[in-house]
Amino acid sequence: ITLITGKVPRHIPATIAAALMVLVVLLGIQRSPEAVWRTLNLGELVRLHFWVPGREHIESHGINWQTIIFIAGMMIMILGLEKQGFFRWICLVAARLVGCRVMPLVLAFMFISGFLAMFVDSITVLLFLARVTIELGRLLKFDPVPVIVAEIVAANTGGAATMSGDPPNIIIGTALGYTFMDFAVNTGVIAWACMVFAMIYFYVVLRQKFRHGESAEELMKVCPLPSSAIFNRRLFIVHTAIFIITIILIVTHAETGLSVALIGVIAAILTLLADPSSIKDVVRVDGRTILFFISLFICVSVLEETGILETIAGLIRNISGGNVAITISVILWISAVASSIVDNIPFAATMIPVIRGLAAQGSLEISALAWTLALGTDIGGNATPIGASANVVGTAVAHQEGYPLGWGRYMKYALVPTIVSILICQGILLWRYA
């Protein structure tokens, strides 16, 4: 309930719930220290296979340390990029390329949001995009609110395309042993089909609203130069190179045999070596988010230990009768609706053991269920302001800058593309697997 209302920072109820589950359920009721050890999963960290698995898949149980370490490492790399103005520079380059005309700018920012969210956490994408959008909105005299909603939709949709996109995909990929290319080939095509629709939708809806009377020359005069975003050219180039190297390592991790956890560590170390003065920035890494993830994995692991999630899998199987089309549709729409109400990260983590159980109980391919879960949680999270972390961040930035974005106005722009995108996902998934 506290996660749904958002009244309390999410790491607090998650940590309390995790502690109670370990103390009451595992130690009090089950009296099983072995289950506690399996849940903490600390032994994984000292195994070479955890860091360099080669071509073998790493299946995770208990705390998913692959996800935790990868996200922490990427946070450090992203802090370095932000410090050098990398993300603002990209936005200003795009703005100048389209002549600072508002409607082309909307489409360009949607593309940037979707593309970067394939590699960088969508929370970061919205943090810088929303700020730059508001800055340009004031300079070019347009309402930034619908543009921010369009960027949120694009970020969550683009994030569905890869394993390193939205956090639910990182959790699904590391838990079930899927690679970046597994996601790109399976969810990537579907996500970008939804992205094309979303861009067409926002173009049709906003083109009348954003017609400008000013000439291109007048608009370019007030549009900031990309060079204004760069504070130190040498460090800017170095951090950009680190970002590119990290993306290459992520894309090719199945071929190189490196785990995503090791790639996160490499990204963090390279960032700190590039600018030793930034070591103090490590303390800025969002420890609350890391604690939330750890607590979340503990809660899910305890539910799995007690057999509750296996029971849920059995209920879904009974409802669908083992029919592939019905099972895919049920998981897709349950994921989409639930993720519009509850943050999609805990929902995805909870559903992984469920789809494992469904695959074990019948002839369903777990890969089909994994792609369905990823698309449902990522894209379904677009529907409301609390459906995904990117939504919360984007609306919070707008509010802080004097542009309140409530449920009504948010859903006015986001609900239709969300529903149609889920229908697109359903059609393609059923065509492929049913």
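In case you missed it, the structure is sitting above this.
All values reported here derive from a predicted model rather than from experimental measurement. (Residues numbered from 1 in each chain as written. Predicted model: local features only at pLDDT ≥ 70, side-chain atom pairs only at ≥ 80, totals over all residues. Heavy atoms only, no water.)

K.L.:
Looking at this structure, how should I read the environment of leucine 42?
P.N.:
Examined against the element boundaries, leucine 42 turns out to sit in the loop between helix H3 (33–40) and helix H4 (48–51). The class for leucine 42 is partly exposed, based on a relative accessible area of 37%. Through-space distance from the C-alpha of leucine 42 to that of tryptophan 65 is 8.3 Å; in sequence the pair is 23 residues apart. With sequence-adjacent residues up to four places away left out, leucine 42 is seen in contact with Trp37 and Trp65. (Helix = DSSP H or I, 4+ residues; strand = E, 2+ residues; numbered from the N terminus. Buried < 20%, exposed > 50% of the residue type's maximum accessible area, 1.4 Å probe, protein only. Contact = heavy atoms within 4.5 Å.)

K.L.:
Teacher, can you tell me more about empty space enclosed by the protein here?
P.N.:
It is a probe the size of a water molecule, rolled over the atoms, that shows where empty space is left. By the definition in use, this model includes four cavities of 30 Å³ or more. There is about 50 Å³ of room inside the second largest cavity. Along the walls of the second largest cavity sit Asp121, Ser122, Ile123, Asn156, Asp166, Pro167, Asp343, Asn344, Ile345, Ala388, Ser389 and Ala390, which together make up its complete lining. (1 Å grid on protein atoms, 1.4 Å probe; cavity = no way out; pocket = protein on both sides within 12 Å on 5 of 7 lines; lining within 4 Å. Points joined across faces, edges and corners; volume = space filled by probe spheres on them.)

K.L.:
Looking at this structure, I do not really get the packing of aromatic side chains. What am I missing?
P.N.:
The way to describe two aromatic rings as a pair is by their centre distance and the angle between their planes. Counted by the stated rule, this structure contains 17 aromatic pairs. When the centroid spacing of 4.9 Å and the interplanar angle of 85° are considered together, the rings of phenylalanine 50 and tryptophan 51 count as edge-to-face. With 6.4 Å between their ring centres and 35° between their planes, phenylalanine 293 and phenylalanine 297 make a pair best called tilted. Here the residue phenylalanine 293 and the residue phenylalanine 297 both occupy positions in helix H16 (residues 287–305), the gap between them amounting to four residues, near one helical turn. There is no split in this pair, since phenylalanine 293 and phenylalanine 297 are both buried. Connected via pairs of aromatic rings, a cluster forms that spans Phe86, Phe87, Trp89, Phe128, Phe236 and Phe243. (Phe/Tyr/Trp six-rings, centres within 6.5 Å; stacked < 30°, edge-to-face > 60°.)

K.L.:
How should I be thinking about the packing of helix H10 (residues 167–176) against helix H19 (residues 344–361) in this particular structure?
P.N.:
Remark: H10 packs on H19, axes separated minimally by 9 Å, with the N-to-C direction vectors making an angle of 25°. Here H19 runs roughly parallel to H10, going by the angle between their axes. For H10 against H19, the interelement crossing comes out right-handed. Along the contact surface, H10 presents Pro167, Pro168, Ile171, Ile172, Ala175 and Leu176, while H19 presents Asn344, Ile345, Ala348, Ala349, Ile352, Ile355 and Arg356. (Axes fitted to C-alpha atoms, helices over the stretch in contact; angles between N-to-C directions. Parallel < 35°, antiparallel > 145°, perpendicular 65-115°, else oblique. Left-handed = near helix turned anticlockwise from the far one by under 90°.)

K.L.:
Help me understand the state of the cysteines in this model?
P.N.:
Here, disulfide denotes a covalent bond that connects the sulfur atoms of two cysteines. As enumerated under the stated definition, the model contains one disulfide in all. Between the sulfur atoms of cysteine 100 and its disulfide mate cysteine 223 the distance is 2.3 Å. With the S-S dihedral at roughly -90°, the linkage between cysteine 100 and cysteine 223 falls on the left-handed side. Taken together, the residues span a long stretch of sequence, with cysteine 100 in the loop between helix H6 (86–97) and helix H7 (102–116) and cysteine 223 in the loop between helix H12 (216–222) and helix H13 (233–251) at a distance of 123 residues. Given a relative accessible area of 0%, cysteine 100 falls into the buried group. Of all cysteine sulfurs, the one in cysteine 425 lies closest to cysteine 194, which takes part in no disulfide; the gap is 3.7 Å. (Disulfide = S-S within 2.5 Å.)

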